[in-house]
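Overview (structure and organization)
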Amino acid sequence: MSLFITSLNSGSNGNCYYVGNGQDAVLIDVGISCRQIESRLRRLSLSVHTIKAIFISHEHTDHISGTTNFARKYQLPVYLTPKTLRSARLLGEGLAIRFLSGTDPVWVGDLCVKAFPKFHDAADPHSFMISYEGTRVGVFTDLGQTCTGLIEHFSQCHAAFLEANYDEAMLEQGRYPYFLKQRIRGGHGHLSNQQALDLLRTHKPAYMSHVILSHLSKENNCPIRARELFLPHMDTTELVVASRLQETPVYHIKAREVEQPVVS
């Protein structure tokens, strides 16, 4: 009934999230190198050989740059949508491509991986929820807005990687040109700290044990500022801020207490 999770890296310099049950695991996005993944898993005492599949959320470089080399070396299937594949120019030949179909779940051993659409400036972006015997973990980053699908799935999770990309004041006062600021905050870009907090305050289930704030901007956010904003609202939920430069510890996620029905 347990899942083990870690962010191997999170940010515009590369994203990679590990979710597994001890025997089987998946990576959500591979935006860092094969060598970095191997060394970080080794430091966490996680075997690379538990990884049985890769799931790609969208085609931006910071989510796919390491996919080809890692998938080839370990002969792993890569799951993504046809539109994402067409736009993912960094993906090389000879990969074992598997297409995601709507919201149909994909089974990787005893792990159930469900993809659902999100708002982001990519060809066909998706978020993911990974389940194992009643324990559910969401990977929710690169989000332009808190759509219905995000709310429904977030409210079912025992743990979530949740984007808190930018502080609104830092973005407004920062050095980015106006068009880029508009892209970030325009509904198909990223979630601000406040938008992520609003989602958490309104829809966090009582049994959620961990929230890992993810994809923080180097230029337009501050880990300390994000932590201070969220901490007063966490209750018994542990707050983690994922690093742009290194892995987080491994967190042990287990279903607890009376829960809501799972989204069908």
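Residues numbered from 1 in each chain as written. Predicted model: local features only at pLDDT ≥ 70, side-chain atom pairs only at ≥ 80, totals over all residues. Heavy atoms only, no water.

1. Brief notes about the packing of helix α8 (residues 193-203) against helix α9 (residues 223-230)
For clarity, the threshold we go by: A fitted line through C-alpha atoms serves as each axis, taken over the contacting stretch for helices, and the angle formed by two N-to-C directions is quoted from 0 to 180°. The helix count covers DSSP runs of H or I at least four residues long, the strand count covers runs of E at least two residues long, and both are numbered beginning at the N terminus. We call two directions roughly parallel when the angle between them is under 35 degrees, roughly antiparallel when it is over 145, roughly perpendicular when it lies between 65 and 115, and oblique otherwise. Each crossing gets its hand from how the near helix is turned against the far one by less than a right angle, where anticlockwise is left-handed and clockwise is right-handed. Contact criterion: two residues are considered in contact whenever any of their non-hydrogen atoms come within 4.5 Å of each other.
Where α8 contacts α9, the axes come no closer than 10 Å and their chain directions differ by 30°. Relative to α9, the element α8 lies roughly parallel. Both α8 and α9 take part in a crossing whose hand is right-handed. Judged by residue contacts, N193, Q194, A196, L197 and L200 of α8 engage A226, L229 and F230 from α9.

2. Description of the pattern of salt bridges
For clarity, the cut-off: When a carboxyl oxygen of Asp or Glu lies within 4 Å of a side-chain nitrogen of Lys or Arg, that pair is called a salt bridge. Throughout this description, buried means an accessible area under 20% of the type-specific maximum (1.4 Å probe, protein chains only), exposed means over 50%, and partly exposed covers the range between.
Tallied over the full model, the rule gives seven salt bridges. A salt bridge links E247 to R43, with the nearest nitrogen and oxygen atoms 2.8 Å apart. Residue E247 is located in the loop between β13 (238-241) and β14 (251-254), and its partner R43 is located in helix α1 (residues 34-43); the two are separated by 204 residues in the primary sequence. The partner of D121 in a salt bridge is R183, with the nearest N and O atoms 2.5 Å apart. Taken together, the residues span a long stretch of sequence, with D121 in the loop between β8 (111-117) and β9 (126-132) and R183 in helix α7 (residues 178-185) at a distance of 62 residues. You can call D121 partly exposed: its relative accessible area is 29%. On the accessibility criterion, R183 (33% relative accessible area) is partly exposed.

3. Observations concerning the pairing of β13
The line we're drawing: Any two strands with at least two DSSP bridges between them are considered paired. The path from the first strand over the helix to the second decides the hand: if it runs clockwise while the strands point away from the viewer, the crossover is right-handed.
Of the pairings in the sheet, the one linking strand β12 (residues 210-214) to β13 comprises four bridges and is parallel in character. Paired with H210 across the bridge in β13 is E238. Taken together, β12, α9 and β13 form a β-α-β motif whose crossover is right-handed.

4. Let's talk about the sheet that holds strand β2 (residues 16-20)
Across the sheet, seven strands lie side by side as β6-β5-β4-β3-β2-β1-β14; this open sheet has mixed pairing. Only two strands of the sheet have a single partner each, and these edge strands are β6 (96-99) and β14. Sheet twist, expressed as the mean angle between neighbouring strand axes with direction ignored, is 25°. Looking at chain direction, β2 and strand β3 (residues 25-28) are connected through four bridges and run antiparallel. If you follow V19 over to β3, its bridge partner there is V26. Against the sheet, α1 touches β1 (2-9), β2, β3 and β4 (51-55), its axis set at about 130° to β1. Lying over the sheet, helix α3 (residues 67-74) contacts β3, β4 and β5 (77-80), oriented at roughly 155° with respect to β4.

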